[in-house]
Amino acid sequence: MTGDPCIPAPVLRGFLAAALVSGGLPEGDAATVARLMVEADLLGAEGHGTFRLPRYMARLRAGGFNTLPDIRPVAQKGGLALLDGDNAMGHLVMERAAHLAVDLARSHGIGWVGTRRSNHAGAAGVYATMVAEAGMAGLYLAVGNANHMAPWGGTELLLSTNPIAIALPAPGHPVLLDMATTVAAYGKVKLAAQRGQQMPEGWMIDASGNPLTDPAQAAGGSLLPIGGPKGFGLSLMFGLLAGTLNGAAFGRDVIDFNADDRTETNTGQAVLALDLSVLGDPAVLAAQVGAVCDDIRASALRPGFDAIRLPGDRSLGGREDRLARGIPLSPALLAQLDQLAAEQGIAPLNRS
């Protein structure tokens, strides 16, 4: 939000790491999780970065994460592998999965790594971009960590936001699509509640199908899928690919990460890496992707629009600005972080 205090990324990483260590995470793993949380903030995915620290800390204190996990492949054939996260923090599992997918793609042309027994891992785009930065095409799928959406035509909350991210190398920064299969990610609902704001109509409906705009009443409502039944179909298929086929939770088995701090969530994700050198010269392919994108940006505007923006223009395109100016944090979140620091006996977040 405009006017919110901006915290330099290195300062924020240090605070997050200290908090996670105070919760029982080893220093190296805490640094990794903090780095990936801040990366979500740098991409503008504020609902998946620092905002999530209080929830992670509550789960750490309750013993809901395994702080000394054995993250390991349990099956592999060719470019396909299954990774058991051993109930680790999801960031640790997904960084390992992304690196493994890239390694498999280098050997087999394609790497697909599914995960089970993982946890919430933050912003989907972080992991697709990780693959793109290795010079490959990256794709990420996940089962959301709480069911907030009913099937199209139904009333039971059996589906989640089940996001997808796709990243392709291009000049400047990758082309990055990062989206939920719902009109709004649930993190945005939580942010609106924290800030005392109303939600726009079209984000959620109540049990009777009426628009729901008060985020304080969100627990009794359903997020709406993008494109109606099409978004429902995407959420279903992504959940089956990232969850069911990996032996991870989906449907009625999903644990509400926001309400249960102890039960293992058995979160499922999947990451795909494609070695572009199989298809051609990676530099030439990236240039061709860039040329198509530039052509679209330069195309004629519809009245009422000031620019055509492609996926990634706001997130990756604004990353350097956030690095330079700092990451904006709302007063409500800063108050939560101050309280957390006092409870954990660590130094408060430096705002100077």
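So, here's what we can say about the structure. (Residues numbered from 1 in each chain as written. Predicted model: local features only at pLDDT ≥ 70, side-chain atom pairs only at ≥ 80, totals over all residues. Heavy atoms only, no water.)

1. Focus on the overall build of the protein chain
Logical step 1: Assigned secondary structure in the protein chain consists of 10 helices and 12 strands.
Logical step 2: Projected onto its principal axes, the C-alpha coordinates of the protein chain cover approximately 55 × 55 × 50 Å.
Logical step 3: Burial status across the protein chain gives 51% buried among its 352 residues.
Logical step 4: Within the protein chain, residue pairs in contact and separated by at least 24 positions form 67% of the contacts whose partners lie at least 6 positions apart.
Logical step 5: Taking the average location of the 26 positive side-chain charges in the protein chain and that of its 32 negative ones, the two points are 1 Å from each other. (Helix = DSSP H or I, 4+ residues; strand = E, 2+ residues; numbered from the N terminus. Buried < 20%, exposed > 50% of the residue type's maximum accessible area, 1.4 Å probe, protein only. Contact = heavy atoms within 4.5 Å. Lys, Arg positive; Asp, Glu negative; His and termini not counted. Charge placed at Lys NZ, Arg CZ, Asp CG, Glu CD.)

2. Comments concerning unusual backbone geometry
Logical step 1: For Asp-86, which is not glycine, the phi dihedral falls at a positive 55°.
Logical step 2: Locating Asp-86 in the fold gives a position in the loop between strand 3 (80–84) and helix 4 (90–108).
Logical step 3: When its relative accessible area of 14% is taken as the criterion, Asp-86 is described as buried.
Logical step 4: At Asn-162, a residue that is not glycine, the phi angle is positive and equals roughly 30°.

3. Concerning the packing of helix 1 (residues 9–22) against helix 3 (residues 53–62)
Logical step 1: Relative to each other, helix 1 and helix 3 sit at 20°, their axes nearing to 9 Å. Regarding the angle of helix 1 to helix 3, the classification is roughly parallel. In this structure, the crossing between helix 1 and helix 3 has a hand that is right-handed. On helix 3, the residues touching Phe-15, Leu-16, Ala-19, Leu-20 and Ser-22 of helix 1 are Leu-53, Met-57 and Leu-60.
Logical step 2: Tallied by class, residues from the contact of helix 1 with helix 3 come to 7 nonpolar, 1 polar and no charged. (Axes fitted to C-alpha atoms, helices over the stretch in contact; angles between N-to-C directions. Parallel < 35°, antiparallel > 145°, perpendicular 65-115°, else oblique. Left-handed = near helix turned anticlockwise from the far one by under 90°. Nonpolar A, V, L, I, M, F, W, Y, C, P; charged D, E, K, R; others polar.)

4. What about helix 2 (residues 27–42)?
Logical step 1: Taking 1.5 Å per residue, 16 residues should reach 22 Å; helix 2 reaches 22 Å between its end C-alpha atoms and fits that length.
Logical step 2: Inspection of helix 2 places Ala-30, Thr-32, Val-33, Ala-34, Leu-36, Met-37, Val-38, Glu-39, Ala-40, Asp-41 and Leu-42 among the buried residues, and these make up the whole buried set.
Logical step 3: Residues of helix 2 that are buried sit in contact with helix 1, helix 3, helix 4, helix 5 (124–132), helix 9 (319–325) and strand 12 (327–328).
Logical step 4: Downstream of helix 2 by a residue or two, Gly-44 has a phi angle that is positive, lying close to 85°. (Expected span 1.5 Å × (residues − 1).)

5. Focus on the packing of aromatic side chains
Logical step 1: Counted according to the given criterion, the structure contains 3 aromatic pairs.
Logical step 2: Three or more aromatic residues joined by ring pairs form one cluster here, namely Tyr-56, Phe-65 and Phe-257.
Logical step 3: Note that Arg-59 overlies the ring of Phe-65, its terminal NZ or CZ placed 5.6 Å from the centroid. (Phe/Tyr/Trp six-rings, centres within 6.5 Å; stacked < 30°, edge-to-face > 60°. Lys NZ or Arg CZ within 6 Å of the ring centre and 35° of its normal.)

6. What about the sheet that holds strand 11 (residues 267–274)?
Logical step 1: One open sheet holds the 7 strands; their spatial order is 2-3-4-11-5-6-7, and the pairing between them is mixed. This sheet does not close on itself; its edge strands, each paired only once, are strand 2 (72–77) and strand 7 (175–179). Geometrically, the sheet is characterised by an average inter-axis angle of 10° between neighbouring strands, direction not taken into account.
Logical step 2: As paired strands, strand 6 (residues 164–168) and strand 7 are joined by 5 bridges and run antiparallel to one another. By the bridge assignment, Leu-168 is partnered in strand 7 with Val-175.
Logical step 3: Along the sheet face, helix 7 (residues 229–242) touches strand 4 (110–118), strand 5 (137–142), strand 6 and strand 11 and points at about 95° away from the line of strand 5. (Pairing = 2+ DSSP bridges.)

7. Re the sheet that holds strand 9 (residues 211–212)
Logical step 1: Within the open sheet, the 3 strands sit side by side as 9-8-10. Their pairing is antiparallel. On the outer flanks of this sheet lie strand 9 and strand 10 (222–223), each paired with one strand and no other.
Logical step 2: The sheet contact formed by strand 8 (residues 204–205) and strand 9 spans 2 bridges and is antiparallel. Within strand 9, the position partnered with Met-204 by the bridge is Leu-212.

8. Brief notes about the pairing of strand 3
Logical step 1: Within strand 3, 4 of the 5 residues are buried, leaving the element largely enclosed by the surrounding structure.
Logical step 2: Linking strand 2 back to strand 3 in an antiparallel pair, the connection comprises 2 residues, with Gly-78 at a positive phi of about 60°.
Logical step 3: In terms of handedness, the path from strand 3 via helix 4 over to strand 4 forms a crossover that is right-handed. (Right-handed = clockwise from strand over helix to strand, strands pointing away.)

9. Quick word on the packing of helix 3 against helix 10 (residues 331–344)
Logical step 1: Two elements in contact, helix 3 and helix 10, have axes whose closest approach is 10 Å; the angle formed by their N-to-C orientations is 25°. Classified by the angle their axes make, helix 3 and helix 10 are roughly parallel. Where helix 3 crosses over helix 10, the two elements pack in a sense that is left-handed. Packed against helix 3, whose contacting residues are Leu-53, Pro-54, Met-57 and Arg-61, the element helix 10 presents Gln-336, Leu-337, Leu-340, Glu-343 and Gln-344 at the interface.

10. Focus: the pairing of strand 2
Logical step 1: Here strand 2 runs beside strand 3; their pairing, made up of 5 bridges, is antiparallel. Note on strand 3: the bridge partner recorded for Gln-76 is Ala-81.

11. A short note on the side chain of Ser-222
Logical step 1: With respect to the helices and strands, Ser-222 occurs in strand 10.
Logical step 2: Note on Ser-222: relative accessible area 9%, which makes it buried.
Logical step 3: In this view, Ser-222 contacts His-148, Met-149, Ala-150, Leu-157, Trp-203, Met-204 and Ile-205; residues no more than four positions away in its chain are not counted.

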